[in-house]
Amino acid sequence: LAHVELYRIAKVAKQLGIPYAPCLIGFEGHGGNRRPTIRGIVVHSHNVDLLNEAHVEMQSQLVENEVKERQQAIYGRWRRLIKGILTKERIAREYAND
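Residues numbered from 1 in each chain as written. Predicted model: local features only at pLDDT ≥ 70, side-chain atom pairs only at ≥ 80, totals over all residues. Heavy atoms only, no water.

**Some words on the sheet that holds strand E2 (residues 21–30)**
Where we set the bar: We treat two strands as partners when DSSP finds at least two bridges between them. Put simply, DSSP marks the helices as runs of H or I at least four residues long and the strands as runs of E at least two long, and each gets a number from the N terminus on. Every angle, taken between N-to-C directions, lies between 0 and 180 degrees, and every axis is a line fitted to C-alpha atoms, over only the stretch in contact when it is a helix. Only heavy atoms enter the contact rule, under which two residues are in contact if any of them lie within 4.5 Å.
As summarised here, the arrangement of the three strands in space is E1-E3-E2, forming an open sheet in which the pairing is antiparallel. Each edge of the open sheet carries a strand with a single partner, namely strand E1 (2–4) and E2. Within the sheet, the average angular offset between the axes of one strand and its neighbour, ignoring direction, is 45 degrees. Across three bridges, E1 lies against strand E3 (residues 33–43) in antiparallel orientation. Bridging across to E3, Val4 finds its partner in Ile41. Across the face of the sheet, helix H2 (residues 48–94) comes into contact with E1 and E3 while running at roughly 10 degrees to E1.

See below:
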C-alpha cells in the first residue's frame, strides 16, 4: 500500500475507479477537542503511477479551465464597460436638446 498526498487526489482516484481509502495521519486539537487529521489517500502500490499521471493531466485541465474562465470574465467586464459608455452617449444625444 502507498500513501498519496496530492491536491484532489481522491477525486482523480474516484474518476478512474481505483479503490482507495482516506488516510488518517493522526489527531489534532486543543483543549480536549481532538479531531482526526485526514490527508491524502491510501492505494495499492501498483496504482500509484497511473494515479500520478492522471493527477498531472487533471491539474493541467484545471489550469486551462481557470485561464478560460478568467478570459471570459475579462471580456464580460469590457463588454459591460463599452455598453455603459455607448448607453451614456446615446442618452446624452437624445436628451441634449431638452
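**Some points on a nonpolar patch on the surface**
Under the convention used in this document: Only residues above 30% relative accessible area that lack a salt bridge enter a patch, with like-charged residues linked at up to 9 Å and the nonpolar side chains Val, Leu, Ile, Met, Phe, Trp and Tyr linked at up to 5 Å. Working definition of accessibility: Shrake-Rupley area with a 1.4 Å probe, residue cover restricted to the visible protein chains. Any carboxyl oxygen of Asp or Glu within 4 Å of a side-chain nitrogen of Lys or Arg constitutes a salt bridge here. Per-residue accessibility, obtained with a 1.4 Å probe over protein chains only, is compared with the maximum for each type, and a residue is labelled buried under 20%, exposed over 50%, and partly exposed between these values.
Side chains of Ile74, Tyr75, Trp78, Leu81, Ile82, Ile85 and Leu86 sit close together on the surface and give an oily, nonpolar patch of about 720 Å² of accessible area. Residue class for Ile82 comes out partly exposed when judged on its relative accessible area of 46%.

**What to know about the nonpolar core**
Worth spelling out the cut-off: What we call a nonpolar core is a set of buried Ala, Val, Leu, Ile, Met, Phe, Trp, Tyr and Cys residues that are connected through their side-chain atoms within 4.5 Å.
Listed in full, the 12 residues of the largest apolar core are Ala2, Val4, Ile9, Val12, Ala13, Ile18, Ile41, Val43, Val48, Leu51, Ala54 and Met58. Of all the secondary-structure elements, those providing two or more residues to this core are E1, helix H1 (9–16), E3 and H2. Looking at this core, the element that brings in the most residues is H2, giving four residues. Filtering out sequence-adjacent residues up to four positions away, Leu51 remains in contact with Val4, Ile9, Val12, Ala13, Leu16, Ile18, Ile41 and Val43.

**Description of the environment of Leu50**
Secondary-structure assignment places Leu50 in helix H2. The exposure class of Leu50 is partly exposed, given its relative accessible area of 45%. Here the alpha-carbon distance between Leu50 and Leu16, two residues 34 residues apart in the chain, equals 9.2 Å. With near-sequence residues (within four places) excluded, Leu50 lies in contact with Leu16 and Ile18.

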